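Residue-level structural notes
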Amino acid sequence: MAKVLMKGNEAIGEAAIRAGCLNYFAYPITPQSEVAEYLSKRLPEVGGVFLQGESEVAVGYMLFGASGAGERVMTTSSSPGISLMSEAISYIAGAECPAVFVNIMRGGPGLGGILPSQGDYFQATKGGGHGDYHLLVLAPDGVQEAVEMTMQAFGLAEKYRNPVMVMGDGMIGQMMEPVEFPDDLKTEPTNKDDWASNGMSTRKSKKKNLVKSLFLDPAELNQHNLNLKAKYEQMKKEDVQYELYNADGDYQILIASYGTMSRVCRTAIDMLKAEGIEAAMFRPKTLFPFPEKQVHDAALKETCKCVISIEMSMGQMVEDVQRCVMGKKPVEFYGECGGEIPSPEKIMEIVKELIG
Amino acid sequence: MGKAFSKPEALTDNYTHYCPGCTHGIVHRLVAEAIDELGIRENTVGIAPVGCAVMIYDYINCDFQEAAHGRAPAMATGIKRVRPDLMVFTYQGDGDLASIGMGEIIHAANRGEKITVIFINNAIYGMTGGQMAPTTMPGQRATTAPAGRDTAQTGMPIRMANLMSEIVTPGYVTRQAVLKPQMVNKCKKAIKKAFQYQMDNTCFSFVEVVSTCPTNWGMTPINALKWAEETLLPYYELGDYKTPEDA
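Rules and cut-offs
Residues numbered from 1 in each chain as written. Chains lettered and ligands numbered in written order. Predicted model: local features only at pLDDT ≥ 70, side-chain atom pairs only at ≥ 80, totals over all residues. Domains from an automatic or database assignment. Contact = placed C-beta atoms within 7 Å. Helix = DSSP H or I, 4+ residues; strand = E, 2+ residues; numbered from the N terminus. Nonpolar A, V, L, I, M, F, W, Y, C, P; charged D, E, K, R; others polar. Core = buried A, V, L, I, M, F, W, Y, C linked by C-beta atoms within 7 Å. Buried ≥ 20, exposed ≤ 12 C-beta atoms within 10 Å, placed from the backbone. Pairing = 2+ DSSP bridges. Axes fitted to C-alpha atoms, helices over the stretch in contact; angles between N-to-C directions.

**Quick notes on the domain arrangement of chain A**
Residue and element names in this part refer to chain A.
- Segmenting chain A into domains produces domain 1 (4-198 + 226-238) and domain 2 (243-355).
- When each unit is reduced to the centre of its C-alpha atoms, the spacing between domain 1 and domain 2 is 27 Å.
- Opposite the 27 residues of domain 1 that make contact, domain 2 presents 22 residues.
- Secondary structure elements with two or more residues in the side of domain 1 that touches domain 2: helix 5 (121-126), strand 6 (136-138), strand 7 (163-169), helix 7 (170-174) and helix 8 (218-238).
- Ranked by the residues each element gives to the side of domain 1 that touches domain 2, the list is headed by helix 5, at 4 residues.
- Counted by class, the side of domain 1 that touches domain 2 contains 15 nonpolar, 9 polar and 3 charged residues.

**As for the nonpolar core**
- Ranked by internal contacts, the top residues of the largest apolar core, which has 193 residues, are Leu254(A) and Ile118(B).
- The dominant element in this core, judged by the number of residues it contributes, is helix 6 (residues 143-160) of chain A, at 10 residues.
- Mapped onto the domain boundaries, this core takes at least three residues apiece from domain 1 (4-198 + 226-238) and domain 2 (243-355) of chain A.
- Setting aside its immediate chain neighbours within four residues, Ile118(B) contacts Val27(B), Val31(B), Phe89(B), Thr90(B), Tyr91(B), Ile191(B), Val207(B) and Val209(B).

**With respect to the environment of Cys213(B)**
All names here are of chain B.
- Structurally, Cys213 can be placed in the loop between strand 6 (204-210) and helix 8 (214-217).
- Note on Cys213: 27 C-beta atoms within 10 Å, which makes it buried.
- Put simply, Cys213 and Gly70 are 143 residues apart on the chain and 20 Å apart in space, counted from C-alpha to C-alpha.

**Comments concerning the interface of chain A and chain B**
- Residue-level contacts link 32 residues of chain A with 27 residues of chain B.
- Put simply, the parts of the chain that give the side of chain A that touches chain B at least two residues each are strand 2 (23-26), strand 3 (49-52), helix 3 (56-68), helix 4 (79-94) and strand 9 (210-211) of chain A.
- Top contributing element to the side of chain A that touches chain B by residue count: helix 3 of chain A, with 8 residues.
- The sheet contact formed by strand 9 of chain A and strand 2 (residues 63-66) of chain B spans 2 bridges and is parallel. Note on strand 2 of chain B: the bridge partner recorded for Leu210(A) is Phe64(B).

**Concerning the pairing of strand 4 (residues 116-121) of chain B**
Residues and elements named next belong to chain B.
- Strand 4 sits mainly inside the fold: 6 of its 6 residues count as buried.
- Of the two faces of strand 4, the one lined by Thr116, Ile118 and Ile120 and the one lined by Val117, Phe119 and Asn121 are each fully buried.
- Sheet topology note: the strand 4/strand 6 ladder contains 6 bridges and is parallel. Paired with Ile118 across the two strands is Val207, which belongs to strand 6.

**Points about the environment of Arg42(A)**
All names here are of chain A.
- When you line up the elements, Arg42 lands in helix 2 (residues 33-45).
- A residue is classified by how many C-beta atoms lie within 10 Å of it, and Arg42, with 18 of them, is partly exposed.
- In this structure the C-alpha to C-alpha distance between Arg42 and Gly13, which are 29 residues apart in sequence, comes to 8.7 Å.
- Setting aside anything within four residues of it in sequence, one finds Arg42 in contact with Gly13, Glu14 and Ile17.

**Considering the sheet that holds strand 14 (residues 306-311) of chain A**
Residues and elements named next belong to chain A.
- With mixed pairing, 5 strands are arranged side by side in an open sheet as 10-12-11-14-15. Of all the strands in the sheet, just strand 10 (242-245) and strand 15 (331-335) have a single pairing partner and so form its edges. Here the strands of the sheet are splayed against their neighbours by 20° on average, with no regard to which way each runs.
- As judged from the 5 bridges shared by strand 14 and strand 15, these two strands associate in the parallel manner. Pairing of Ile308 across the sheet is with Glu332, part of strand 15.

This is the structure we're talking about:
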């Protein structure tokens, strides 16, 4: 298929349709409202459902209802909106329903700003809502990957019966890049008759299905949480995605970076190489499950003097990097946020300083 | 002689956990009878609230989803929009619907979602133990209003059916009660009508049911019925507040 030039937000909307998701609920928020605008036109053309909810709180539960009834469903929002949806996300994870949430991150805390940020790493990977749950979190580095990850998200959500988040930022949402929609990323929806509340008449057993997260018996709730934990462990075994860049040679420093920030780091690495300095990049494509062993092993390379996590935040992913490197190499951090994105020159300067 | 009375198929054999004199059991039965009579049980999804009726799915025998506090109308919207062929109803109390879920119920009604809402108004929070609700009467004691509801601080009780009737989008809004056999019969008709409007894809439907909570009111079941009739009904007047035919 030929490539088309599309804005990230619109491409994400189109990717959902191409992946077989015809149900979308959302509430407007900058910098991702173009997804809703695009789908308000496109979904009726393909016989899908578009609804603008009255709040992100309500939209979260519209997703819960739709996914509980066994249908593929997506919403998109940005940081403050994801905070409001986090209650529903906890319930959806607790009730083991598949649903796709896209967060086009903006600066925080509070209203923060409307420019790109990576300040929601903790929220996405460590909780957000209450209770012991995890999202599977995919972090694209551009419009093409945003398309591919959005398409993958539905299959992953159904594989684990767990909400999946695609976490981009305002840069990815707003910029235009050439994209294609790979047909092979489309998955067939799984049969949900054994658990979804889609009407007893759909199943032979005529037994009622119950979608719920309440377990008042302590032993039952403990077992429920053990079952959820087993899914998160399975994600760690089967669905870690990452990229190592310029890591074949004898690099002196390992830069950990993801999303938009990794694009800048890639440029800095190329510029450093031209000057005879070898730096490698570790880029997690899944923020949960985090590529724990991969960053550990890459950091342990003999020639590698130190690791630095470079983020559009005040230091969030760095905690995972430190955890995985286990003190075997120094782990440094550099970050800017609020819409400021460290430049390649700035990254070069920091790298040179660190490796002396 | 034929069989005069039997348990609806849509009711399970479980004993309910409700307190003696609580009217949830009556309303559950009315919902089950309506479901049976319309023959929709295998095509119905209920939304359980947060409150005393959270385990309604143990008593009504159809598919269910369990909502967070107040969010049932948003969940029902999600289901109905993606599966318009299903019959979807919520069953909510007054803390759930009239307090934390006010936004969701108003907007679901205003969009004209083709869902049915059963709203139990017993003027108090039941499950959490008798705290003040938006529907608590002036002067009525609650565990968070030990001297009685002070309307200067907390406002007057919210009359949901009256409020819902102001929504311009066509809908069916009625207030019923289950304090006497005649009222129960009328309430049954209203609930069935509410489901019928959904079946016919006519409109959003809302049945408020004035109910009792003897435990948290600190009354015997008999006195609770009497108090509800004398105190609640003059303020919460019964009857149809809006029908789609008005539009």
